[in-house]
Amino acid sequence: MLLYSFADMNSAQYDVIIIGGSYAGLQAALTLGRSKRQVLVIDCGMPCNRFTPHSHNFLTHDGKAPHVIAAEGREQLKNYPNVKFLKDTVLEALQFNENFEITTIFEKKKIIARKLLFATGISDVMPDIKGFNDCWGKSVIHCPYCHGYEVKGQVTGVFGNGESGFEYVKTVSHWAGKVTLFTNGPSLLNNEETQKLAAKNITVIETPVTEVIHEEGQISGLVLSDGTTAGLSVLYAHTAFKQHCDIPQALGCEMADTGHIKTNGYGKTNVMGLYVAGDCCDPLRSVSSAVRGGMAAAAFLNKELINEDF
């Protein structure tokens, strides 16, 4: 853990600094604002789902554009003058005594808070396949619960391999029409998995994918390394990812094998006073799940502040 100590830094400017102002961060700000806390939300305006035209499976917001949901949230937070916003990026965070000091990149501000809440999300690492990135979030999608209804019954591809690929294609097949599993190389499926897919008329193609054919992000097929083309309307893919912000790790946060930040289930990390919410710690990866995580982390963080002050 990084330590920092100055004699003239004994009082915090804020109760909580929230780093990341999308759905988990905004919900955390709402919960803490309603808890009479002095809150600063720092956000650079680059949410992970900015490429997705519509968000689904979130009650009262089903079908809205993600940026519209976030804008509505920011507008509602104007009702809480104790919640402030700063458009910036955090360069580093240091822990000293019982407080944290953060430094921002653009405004070069140094700001002190009693607690930190990271809602910084993750960054997708796209495979080196032409056209894949252009379709991401539009017709190359990751979650059937978020987008499966809109593409139900369509000719569908699943990009995966091994046990995880088998489970993925099995789940997606509930929504899809004709389904093909693209392993992008030699199949790692076991005999039982291969037989089950064959019994469900799910084709497995091992030939590597070299290009996604699309028109303005709408997929129409995949080009394979042998020159053949497989036509389809939608492709499900779980991409690799990395943490969008490595500051929690620099402060000593433990990481799960999946690459997510470890918590107690309610946003509390192993670093005293540091909480996380949203995609950086939650593999469910949906707007509604991020909102739930933001509320839970904020409530537990507020209880920690209450306990300290009581």
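Look above for the structure.
All of the points below concern the structure found in this document. From a predicted model like this one, the values you see are computed outputs, not experimental measurements. The residue numbering used here restarts from 1 in each chain and proceeds along that chain's sequence as written. Local features in a predicted model are, by the rule used here, given only for residues with pLDDT of at least 70; side-chain atom pairs are given and counted only at 80 or more, and totals for whole chains, interfaces and linings are based on all residues. As a convention, hydrogens and water are excluded, and side-chain values are obtained from all of the structure's heavy atoms.

### A few points about the sheet that holds strand β9 (residues 156-159)
Part 1: As summarised here, the arrangement of the five strands in space is β8-β15-β9-β10-β11, forming an open sheet in which the pairing is parallel. In this open sheet, the two edge strands, each paired with only one partner strand, are β8 (140-141) and β11 (203-205).
Part 2: Note: two strands are recorded as paired if DSSP finds a minimum of 2 bridges between them. What counts as a helix is a DSSP run of H or I of at least four residues, what counts as a strand is a run of E of at least two, and both are numbered from the N terminus. Inspection of the sheet shows strand β10 (residues 179-182) paired to β11 by three bridges, in the parallel sense. Across the sheet, residue Thr180 finds its bridge partner in β11, namely Thr203.
Part 3: The contact definition used throughout considers only heavy atoms, calling two residues in contact when any of these lie within 4.5 Å. Geometry is summarised by axes, namely lines fitted to C-alpha atoms with helices restricted to the contacting stretch, and by angles between N-to-C directions that run from 0 to 180 degrees. Against the sheet, helix α5 (residues 162-172) makes contact with β8, β9, β10 and β15 (234-237), and its axis sits at roughly 155° relative to β9, the strand it touches most.

### Quick word on a nonpolar patch on the surface
Part 1: Residues with no salt bridge and a relative accessible area higher than 30% make up the patches, which join like charges within 9 Å and nonpolar side chains (Val, Leu, Ile, Met, Phe, Trp, Tyr) within 5 Å. Per-residue and other accessible areas were derived by the Shrake-Rupley procedure at a 1.4 Å probe size, with only the shown protein chains allowed to occlude residues. Throughout this description, the term salt bridge denotes a Lys or Arg side-chain nitrogen within 4 Å of a carboxyl oxygen of Asp or Glu. Taken together, Leu91, Ile105 and Phe106 make up a surface patch of nonpolar side chains, about 320 Å² in accessible area.
Part 2: One can find Ile105 in the loop between β5 (99-104) and β6 (110-118).
Part 3: Throughout this description, buried means an accessible area under 20% of the type-specific maximum (1.4 Å probe, protein chains only), exposed means over 50%, and partly exposed covers the range between. The class of Ile105 is partly exposed, set by a relative accessible area of 33%.

### Re the packing of α5 against helix α6 (residues 191-199)
Part 1: The geometry of α5 relative to α6 is characterised by a closest axis approach of 11 Å and an angle of 25° between their N-to-C directions. It follows from the interaxial angle that α5 and α6 lie roughly parallel. The handedness of the crossing between α5 and α6 is left-handed. Counting all contacts with α5, which are made through Gly162, Glu163, Phe166 and Val169, the residues of α6 involved are Glu193, Lys196 and Leu197. With respect to orientation, any angle under 35 degrees is reported as roughly parallel, any angle over 145 as roughly antiparallel, any angle of 65 to 115 as roughly perpendicular, and every other angle as oblique. Left-handed describes a crossing whose near helix is turned anticlockwise from the far helix through less than a right angle; right-handed describes the clockwise counterpart.

### Topic: the side chain of Thr183
Part 1: Along the chain, Thr183 turns up in the loop between β10 and α6.
Part 2: Look at Thr183 and you get buried, because its relative accessible area is 6%.
Part 3: A distance of 2.6 Å separates a polar atom in the side chain of Thr183 from the backbone oxygen of Gly185.
Part 4: Once residues within four sequence positions are removed from consideration, Thr183 is found in contact with Gly160, Asn161, Val204, Ile205 and Glu206. Polar contacts, as counted here, are pairs of nitrogen or oxygen atoms within 3.5 Å of one another; within protein the pair requires one atom able to donate a hydrogen and one able to accept it, and residues that are adjacent in sequence qualify only if both atoms are side-chain atoms.

### What about unusual backbone geometry?
Negative phi characterises most residues that are not glycine, and trans characterises most peptide bonds.
Part 1: The phi dihedral of Thr60 is positive, around 75°, even though this residue is not glycine.
Part 2: Of note, Thr60 is situated in the loop between β2 (39-43) and α2 (66-76).
Part 3: In this structure Thr60 comes out as exposed when scored by relative accessible area, which is 64%.
Part 4: Even without being glycine, Lys108 reaches a positive phi, approximately 55°.
Part 5: Inspection of the secondary structure assignment puts Lys108 in the loop between β5 and β6.

### Let's talk about the sheet that holds strand β13 (residues 218-224)
Part 1: In spatial order, the strands read β12-β13-β14; together these three strands make up an open sheet with antiparallel pairing. Pairing within the sheet leaves two strands with one partner each, and these edge strands are β12 (209-215) and β14 (229-231). The sheet shows a mean angle of 25° between the axes of neighbouring strands, taken without regard to direction.
Part 2: Here three bridges tie β13 to β14, and the two strands are oriented antiparallel to one another. Bridge pairing links Val223 to Thr229 in β14.

### Describing α5
Part 1: Inspection of α5 places Gly162, Gly165, Phe166, Tyr168, Val169 and Val172 among the buried residues, and these make up the whole buried set. In an axial view of α5, the angular spread of the buried residues amounts to 165°, which keeps them on one side of the axis. Away from its buried face, by an angle of more than 90 degrees, α5 presents the exposed residues Glu163 and Ser164.
Part 2: Residues of α5 that are buried sit in contact with β8, β9, β10, α6 and β15. Here the arc refers to the directions that run from the helix axis out to each C-beta atom.

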